Amino acid sequence: QVQLVESGGGLVQAGGSLRLSCAASGRAFSSNQMGWFRQAPGKEREFVAAISQSGGRTYYADSVKGRFTISRDNDKNTVYLQMNSLKPEDTAVYYCAADVRPVGAATRIGDYEYWGQGTQVTVSS
């Protein structure tokens, strides 16, 4: 079992920054590939970013590449999503997810077994 708790969401103006955190407990954190997804109102949940167990490999959706950075601290059992140059279209609920059987890049919802409750990010224009 893995428990995930996101924090750091909020309201920010376009062009601003936010850093999301996801604290994990349960199964050995360093064994899990971790990811961030988001879901905007009326839209399907979509991949944002993922990071390998050691942090050596990262993957990004084209829509956030160059603006968002995923990182992790295995000593603190935490994964982060630094979001810069935010746009109104980044408005969504952001979810942290854990892939406990990682095989290659995990960019699909079905790759992940555990999910947090989500944190709201709202970007005003």
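From a predicted model like this one, the values you see are computed outputs, not experimental measurements. Once a new chain begins, its residue numbering starts again from 1 and follows that chain's sequence as written. For a predicted model such as this one, the threshold for reporting local features is a pLDDT of at least 70, and the threshold for listing and counting side-chain atom pairs is 80 or more; totals across whole chains, interfaces and linings nevertheless cover every residue. Note that water and hydrogens are dropped before the side-chain values are worked out from all heavy atoms of the structure.

Chemist: I'd like a rundown of the environment of Ile51, residues and numbers included.
Modeler: Secondary-structure assignment places Ile51 in strand β5 (residues 46-51). Buried means the residue's accessible area, taken with a 1.4 Å probe over protein chains only, is under 20% of the maximum for its type, while exposed means over 50%, and partly exposed covers the values in between. Residue class for Ile51 comes out buried when judged on its relative accessible area of 2%. The contact criterion used is simple: two residues touch if any of their non-hydrogen atoms lie within 4.5 Å. Ignoring anything within four residues of it in the chain, the contact list for Ile51 reads Gln33, Met34, Arg57, Thr58, Ile70, Ser71, Arg72 and Val79. Put simply, DSSP marks the helices as runs of H or I at least four residues long and the strands as runs of E at least two long, and each gets a number from the N terminus on.

Chemist: Can you lay out the side chain of Ser21 for me, pointing to particular residues and giving the numbers?
Modeler: Inspection of the secondary structure puts Ser21 in strand β3 (residues 18-26). We classify Ser21 as buried; its relative accessible area is 16%. With sequence-adjacent residues up to four places away left out, Ser21 is seen in contact with Val5, Glu6, Ser7, Trp36, Thr78, Val79 and Tyr80.

Chemist: Provide a residue-level description of the state of the cysteines, including the pertinent values.
Modeler: Our working definition of a disulfide is a cysteine sulfur pair at a distance within 2.5 Å. Tallied over the entire structure, the rule returns 1 disulfide. In this model Cys22 forms its disulfide with Cys96; the gap between the sulfur atoms is 2.1 Å. Its S-S torsion of approximately -75 degrees makes the covalent link between Cys22 and Cys96 left-handed. One end of the pair, Cys22, is in strand β3; the other, Cys96, is in strand β9 (residues 92-99), and 74 residues separate them in sequence.

Chemist: Describe the pattern of salt bridges, listing the residues and the values that go with them.
Modeler: Salt bridges are identified by distance alone: a Lys or Arg side-chain nitrogen within 4 Å of an Asp or Glu carboxyl oxygen. According to the stated counting rule, one finds 6 salt bridges in the structure shown. Arg38 serves as the salt-bridge partner of Asp90, at 2.9 Å between the closest nitrogen and oxygen. Taken as a pair, Asp90 in the loop between β8 (78-83) and β9 and Arg38 in strand β4 (residues 33-39) lie far apart in primary sequence, 52 residues in all. Across the pair, Arg38 and Asp90 agree in class, each one buried. In this structure, Asp62 engages Lys65 in a salt bridge whose closest nitrogen and oxygen atoms are separated by 3.1 Å.

Chemist: Give a detailed account of the nonpolar core, specifying residues and quantitative values.
Modeler: We call a set of buried residues a nonpolar core when its members are Ala, Val, Leu, Ile, Met, Phe, Trp, Tyr or Cys and they connect through side-chain atoms within 4.5 Å of each other. By size, the foremost hydrophobic cluster in this structure holds 35 residues, and its most contacted members are Trp36, Val79, Leu81, Met83 and Tyr94. Residue assignment for this core shows that the elements contributing at least two residues are β1 (2-7), β3, β4, β5, β7 (68-73), β8, β9 and β11 (119-124). In this view, Met83 contacts Gly16, Ser17, Leu18, Leu20, Arg67, Phe68, Tyr94 and Val121; residues no more than four positions away in its chain are not counted.

Chemist: I'd like a rundown of the sheet that holds β7, residues and numbers included.
Modeler: When DSSP finds at least two bridges between two strands, those strands are taken to pair. The strand order β1-β3-β8-β7 describes an open sheet built from 4 strands, whose pairing is antiparallel. In this open sheet, the two strands that pair with only one neighbour each are β1 and β7. Shown here is a sheet whose adjacent strand axes are inclined to one another by a mean of 15 degrees, direction ignored. The pairing of β1 with β3 spans 6 bridges and is classified as antiparallel. Note on β3: the bridge partner recorded for Gln3 is Ser25. The angle between two axes is taken between their N-to-C directions and runs from 0 to 180 degrees, where each axis is a line fitted to C-alpha atoms and a helix contributes only its stretch in contact.

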